[in-house]
Amino acid sequence: MFKKTLIFLCIILIFPTFAYSGDFTKVSSFHYSVTENGNFQLRITTKYMKDGKIKEKKYSRPVTPDDTKKMDGWDDKSKAIVEVITDDKVSADFAIEKQEPTGVGIEEIISYDRTIDELGRISVRRIVRIYDDGKEVSKKYHRSWIMPGQDPSGEDVISRALAQKFHTPEVIAEYRALLAELND
Amino acid sequence: MKLRNKLALIITILLIPTLVYGGATFSRSKTWSAGETLTAAQLNTEFNNILNNLTPAGIDDESSSNATAQATSDPYPSSVLSKATSLQTEIQQIRYLLAQITGNTYWYQDPATSLTAASQSVFTTAITLTSGQIAFPATAVPSADANTLDDYEEGTWTPVVAFGGASVDVTYGGGNGGRYTKVGRMVHLNGYLVLTANGSSSGTAFITGLPFTCVNDSGGYAPPSFRPSVVSYADMFIGRVEINTTTIRLEEVTNAGTVTQLTNADFAATSNIMINVSYEMQ
């Protein structure tokens, strides 16, 4: 009986050790985007990792800086994106490019929003709206990418400016290395 | 006071109790008979009676029968305001809107759910969409909850072929294009790659430009179904959506089970491929 009790106690003491082995780690990743109105947005994904695998994800609501001149506390990439979109030349070109319906007749209005991921890949969503006397009657999306190293000319003003800023030789090299892995 | 004025006052006083009595729940203080002298005290008492009882409890109901209790009136027929001309119509218009809000036949029937429950997005019964539509925001608000649908989007994309990671001098026909539908984290797409020139790039073949990045997990590889034309391959044309990319790797598998990647050498100027695949986005 004593032997059985000892074994039982051992199992009870050891079991929790097994049950809680392998600690969770929390990894945050940032998702940067610039809306069709030219506003910066940041969303944070928190990944709960265990044994190198994502076990759970938690998404934050998108946040926008109250004042783009006061970016203290924001990460470097957010600051860099805000620097791009608030640049005088980019702002002026964006103001010219940005279309607004006049409210008269049938109009096609095109705008863009974009996200940029950790590899520098810029996802561009073109939004085509049809207005009839100022009332939106249709909205269509087309998605495309500006990959590091790809010529961004022909893209919208902000996407182009983001590509010029973030597609540095280092980012392009990293992306090409990824492609090379795929091509192997 | 002139006799004529006195007479008018008496007639008015005599008439008032009769009129009020029909719409009130209280009784007159006194009933005068013809020719009876009206004293100041009696007059004051009657007026006080009316003024003191002219409260919501003193005014008669608008539900003397089932028909009157159920009567409603549309305050906004054909999207034009129809102003009430009596308290009765005001009540009927409010009843009309209550019935509209609850969706019940009669305004007084219990609603299926309370506004509090609705505002908390908790429904105890199946959600019925009389308009038949659910609109999601243009920018998804992702949820990690396994039972929550967080996005829906339809759109188009443009397939691009790459050989060794480049597409130098590749040109596409007018039919080149694709369509996608994103439901939650799943992307369902069709595409038609139509070449008019296969260019000068060389190396392994990929279709790029998928609308969303594939999830970065080994369980996320997704093999598409293809309909290749003017593309050479051994035995079977296969491929997979590469994880953490926006590309489809193009491959062939022999009957013996050997998988190799297709290259530019397998393509011609007029190659075209139809694609259908579902994959999980990042």
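Keep in mind it's a predicted model, so treat the numbers as computed, not measured.

Overview of the pairing of strand 6 (residues 135-146) of chain A
By the bridge criterion, 11 bridges tie strand 5 (residues 122-132) of chain A to strand 6 of chain A in an arrangement that is antiparallel. Bridging from a neighbouring strand, I130 of chain A pairs with S138 of chain A of strand 6 of chain A. What sits between strand 5 of chain A and strand 6 of chain A in their antiparallel hairpin is a turn of two residues, with D133 of chain A showing a positive phi close to 50 degrees. Here two bridges tie strand 6 of chain A to strand 1 (residues 152-157) of chain B, and the two strands are oriented parallel to one another. Each residue of the ladder has a partner; that of H142 of chain A, found in strand 1 of chain B, is T156 of chain B.

Things to note about the interface of chain B and chain A
Taken together, the contact pairs 32 residues of chain B with 22 residues of chain A. Between chain B and chain A the total buried area reaches about 2,200 Å² when both faces are included, carbon and sulfur atoms providing 46% of it. Remark: the boundary between chain B and chain A carries three salt bridges. Note that R143 of chain A is salt-bridged to E153 of chain B, the shortest N-O span being 2.8 Å. Scanning the region where chain B abuts chain A turns up 11 residue pairs in polar contact (both at pLDDT 80 or more). Here the element with the most residues in the side of chain B that touches chain A is strand 1 of chain B; it accounts for five residues. Its residues placed into classes, the side of chain B that touches chain A shows 10 nonpolar, 17 polar and five charged.

A short note on unusual backbone geometry
Residues and elements named next belong to chain B. With a phi angle near 60 degrees, S79 is a residue other than glycine that sits in the positive phi range. By the secondary structure assignment, S79 is in the loop between helix 3 (66-70) and helix 4 (87-102). Residue S79 is classed as exposed on the basis of its relative accessible area of 54%. Look at D169: it is not a glycine, yet its phi comes out positive at around 60 degrees. Among the structural elements, D169 can be located in the loop between strand 2 (160-163) and strand 3 (170-172). With relative accessibility at 57%, the residue D169 sits in the exposed group.

Digging into the pairing of strand 8 (residues 236-241) of chain B
Residues and elements named next belong to chain B. The alternating pattern of strand 8 places F237, G239 and V241 on a buried face and M236, I238 and R240 on a face that is not buried. Sheet analysis places strand 8 next to strand 9 (residues 247-253), joined by six bridges and oriented antiparallel. Across the sheet, R240 pairs through a bridge with R249, a residue of strand 9. Hairpin connection, strand 8 to strand 9: the antiparallel pair is bridged by five residues, and N244 has positive phi, about 60 degrees.

A word on the packing of helix 3 (residues 88-97) of chain A against helix 4 (residues 157-166) of chain A
Residue and element names in this part refer to chain A. Two elements in contact, helix 3 and helix 4, have axes separated by 9 Å at closest approach and are oriented at 150 degrees. In this view, helix 3 runs roughly antiparallel relative to helix 4, as classed from their interaxial angle. Packed against helix 3, whose contacting residues are V90, D93, F94 and E97, the element helix 4 presents V157, I158 and A161 at the interface.

A few points about the pattern of salt bridges
Residue and element names in this part refer to chain B. In the structure shown here, the tally under the stated rule is 17 salt bridges over all chains. When the shortest N-O distance is used, the salt bridge between R185 and E280 registers 3.4 Å. Within this pair, whereas R185 is found in the loop between strand 4 (177-183) and strand 5 (186-198), its partner E280 is found in strand 11 (residues 267-280), the two being separated by 95 residues in sequence. With a relative accessible area of 54%, R185 lands in the exposed category. With a relative accessible area of 23%, E280 lands in the partly exposed category.

Considerations on the packing of helix 2 (residues 76-85) of chain A against helix 4 of chain A
All names here are of chain A. Helix 4 packs onto helix 2 with a crossing angle of 130 degrees between their chain directions and a minimal axis gap of 10 Å. As far as their axial angle goes, helix 4 and helix 2 are oblique. The chirality of how helix 2 crosses helix 4 is right-handed. Residues K77, A80, I81, E83, V84 and I85 of helix 2 lie in contact with helix 4, whose contacting residues are I158, A161, L162, K165 and F166. Its residues assigned to classes, the contact of helix 2 with helix 4 comprises eight nonpolar, no polar and three charged.

Calculation rules
Residues numbered from 1 in each chain as written. Chains lettered and ligands numbered in written order. Predicted model: local features only at pLDDT ≥ 70, side-chain atom pairs only at ≥ 80, totals over all residues. Heavy atoms only, no water. Pairing = 2+ DSSP bridges. Helix = DSSP H or I, 4+ residues; strand = E, 2+ residues; numbered from the N terminus. Contact = heavy atoms within 4.5 Å. Buried area = accessible area lost by both parts, 1.4 Å probe. Salt bridge = Lys/Arg side-chain N within 4 Å of Asp/Glu carboxyl O. Polar contact = N/O pair within 3.5 Å; in protein donor to acceptor, adjacent residues only side chain to side chain. Nonpolar A, V, L, I, M, F, W, Y, C, P; charged D, E, K, R; others polar. Buried < 20%, exposed > 50% of the residue type's maximum accessible area, 1.4 Å probe, protein only. Axes fitted to C-alpha atoms, helices over the stretch in contact; angles between N-to-C directions. Parallel < 35°, antiparallel > 145°, perpendicular 65-115°, else oblique. Left-handed = near helix turned anticlockwise from the far one by under 90°.

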